[in-house]
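# A closer look at the structure
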Amino acid sequence: EPEVTQTPSHQVTQMGQEVILRCVPISNHLYFYWYRQILGQKVEFLVSFYNNEISEKSEIFDDQFSVERPDGSNFTLKIRSTKLEDSAMYFCASSERVQETQYFGPGTRLLVL
Amino acid sequence: LAKTTQPISMDSYEGQEVNITCSHNNIATNDYITWYQQFPSQGPRFIIQGYKTKVTNEVASLFIPADRKSSTLSLPRVSLSDTAVYYCLVGGDSGAGSYQLTFGKGTKLSVIP
């Protein structure tokens, strides 16, 4: 069964450093999403991406965040200058069409020191 | 986006049927009801989705009354491996070409031997 994959599984970084989280969505999917979950809290929507542009973003997704689909398979989330409060699990998701089921990846645990 | 209310936690013995009810009084006409399961440190996993009446798959059943203001996820004969957090989500196409999922705190199901 096809699945969303994410790398790395864990990332530790120093405050102020840039990180890039990578995702490979399911191959025939057209809609891509990033969510995050701070430890012990709810899963929160960050951004959705379709047709090589952002469709929607939340208040969390400020200028420090960016997304890119650099090639036909990868979908990345970049945090330009990490803050302590960026420590969380980051989940990538994809769906075939806009209201179809979103399939989530296993997540990247980001720890900012 | 319609707000959902579900119990914070539930306990069940192995082999029993578990029913988790979710209230969504402000559900919109084009909203679907989707349930996800999440194990610790893993991404949410799709369980079932429905619009009205009853939907059944190999994992669960979803009961939706005619007014659609609530829904009930039914897990038949739970096992220890069903211990997880279960999320009820309601939403539809935001019109921006995106289908943002809004997670609540979910229901923490504990299955007891």
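Details of the structure are given in the entry above.
Since this is a predicted model, take the numbers as computed values, not measurements.

Quick notes on the rules
Sequence order as written defines the numbering, with residues in each chain counted from 1. As a convention, the first chain written is A and the first ligand written is 1, with the rest following in written order. Two thresholds apply to this predicted model, a pLDDT of at least 70 for residue-level local features and 80 or more for giving and counting side-chain atom pairs, whereas whole-chain, interface and lining totals are computed over all residues. Where side-chain values are given, they derive from all heavy atoms of the structure, hydrogens and water being excluded. For the purposes of this entry, the term helix denotes a DSSP run of H or I that reaches at least four residues, the term strand denotes a run of E that reaches at least two, and both are numbered from the N terminus. Based on C-alpha atoms, the radius of gyration is set beside the globule rule, defined as 2.2 Å times the residue count to the power 0.38. Buried residues are those whose accessible area, probed at 1.4 Å on protein chains only, stays under 20% of the maximum for their type, while exposed residues exceed 50% and partly exposed ones sit between those limits. Residues count as neighbours in contact if any of their non-hydrogen atoms are within 4.5 Å of one another. Using the Shrake-Rupley algorithm and a 1.4 Å probe, accessible areas are obtained, with residue cover drawn only from the displayed protein chains. Charge counting treats Lys and Arg as positive and Asp and Glu as negative, with His and both chain ends excluded. To locate a charge, take atom NZ for lysine, CZ for arginine, CG for aspartate or CD for glutamate. To count toward a patch, a residue needs a relative accessible area over 30% and no salt bridge; like charges are then connected within 9 Å, while nonpolar side chains (Val, Leu, Ile, Met, Phe, Trp, Tyr) are connected within 5 Å. Throughout this description, the term salt bridge denotes a Lys or Arg side-chain nitrogen within 4 Å of a carboxyl oxygen of Asp or Glu. Any pair of cysteine sulfurs within 2.5 Å is marked as a disulfide. Accessible area, probed at 1.4 Å, shrinks when two parts are joined; the buried area is that loss added up over both. Side-chain atoms alone can form a polar contact between residues adjacent in sequence; in general such a contact is a pair of N or O atoms within 3.5 Å, and within protein one must be able to donate a hydrogen while the other accepts it. Under this grouping Gly is polar, as are all residues other than the nonpolar Ala, Val, Leu, Ile, Met, Phe, Trp, Tyr, Cys and Pro and the charged Asp, Glu, Lys and Arg. In short, DSSP must find at least two bridges between two strands for them to pair. All axes here are fitted lines through C-alpha atoms, helices being fitted over the stretch that makes contact, and every angle between N-to-C directions spans 0 to 180 degrees.

Further remarks concern the overall build of chain B. Each helix and strand in chain B was counted, giving zero helices and nine strands. Listing each helix as α and each strand as β along chain B from the N terminus yields β-β-β-β-β-β-β-β-β. Taken against the 2.2 N^0.38 rule, which gives 13 Å for 113 residues, the C-alpha radius of gyration of chain B at 14 Å falls within 12% of a compact globule. Counting over 113 residues, chain B shows a buried share of 45%. Look at the contacts in chain B between residues 6 or more apart in sequence, and 57% of them connect residues 24 or more apart. Per element, the accessible surface of chain B, about 5600 Å² overall, is 51% carbon and sulfur. Side-chain charges of chain B comprise 9 positive and 8 negative groups, with the mean position of each set lying 5 Å from the other.

Glancing now at the overall build of chain A. Helix and strand counts for chain A come out as zero helices and eleven strands. Based on the C-alpha atoms only, the size of chain A along its principal axes is roughly 35 × 30 × 25 Å. A burial count over chain A gives 45% of its 113 residues as buried. Nonlocal contacts in chain A, meaning residues at least 24 apart in sequence, comprise 54% of its contacts between residues at least 6 apart. Surface exposure of chain A reaches about 5800 Å², of which carbon and sulfur atoms provide 46%. Each charge class in chain A can be summarised by its mean position, and for the 10 positive and 15 negative side chains these summaries are 4 Å apart.

Let us now look at a nonpolar patch on the surface. Residues and elements named next belong to chain A. A surface patch of nonpolar side chains, amounting to about 270 Å² of accessible area, comprises Val 12, Leu 111 and Leu 113. Mapped onto the fold, Leu 113 is located in the segment after strand E11 (108–112). Looking at Leu 113, the relative accessible area reads 47%, which means it is partly exposed.

Residues and elements named next belong to chain A. Scanning all chains against the criterion turns up two disulfides over all chains. Here Cys 23 pairs with Cys 92 through a disulfide, and the sulfurs are 1.9 Å apart. The sign of the S-S torsion, about -60°, decides the handedness of the disulfide formed by Cys 23 and Cys 92: left-handed. Linking Cys 23 in strand E3 (residues 19–24) with Cys 92 in strand E9 (residues 88–95), this pair joins segments that are 69 residues apart in sequence. The exposure class assigned to Cys 23 is buried, which follows from its relative accessible area of 0%.

Accessible area lost on assembly of the parts is the figure often given for the size of an interface. Chain A puts 21 residues into the contact, and the matching count from chain B is 24 residues. Buried area between chain A and chain B, both sides added, is near 1800 Å², and the carbon and sulfur share of it is 52%. Summed over the shared surface of chain A and chain B, the result is zero salt bridges. Counting across the chain A and chain B interface gives four residue pairs in polar contact (both at pLDDT 80 or more). At the level of secondary structure, the elements contributing two or more residues to the side of chain A that touches chain B comprise strand E4 (31–37), strand E5 (43–50), strand E6 (53–57) and E9 of chain A. The element that contributes the greatest number of residues to the side of chain A that touches chain B is E4 of chain A, accounting for four residues. Per-class residue counts for the side of chain A that touches chain B are ten nonpolar, seven polar and four charged.

Residues and elements named next belong to chain B. If you walk across this open sheet you meet the four strands as E2-E7-E6-E5, and the pairing is antiparallel. This sheet does not close on itself; its edge strands, each paired only once, are strand E2 (18–23) and strand E5 (53–56). Each adjacent strand pair in this sheet contributes to an overall mean axis angle of 15°, direction not counted. With three bridges joining them, strand E6 (residues 61–64) and strand E7 (residues 70–75) adopt antiparallel strand pairing. In the strand pairing of E7, Phe 63 is matched with Thr 72.

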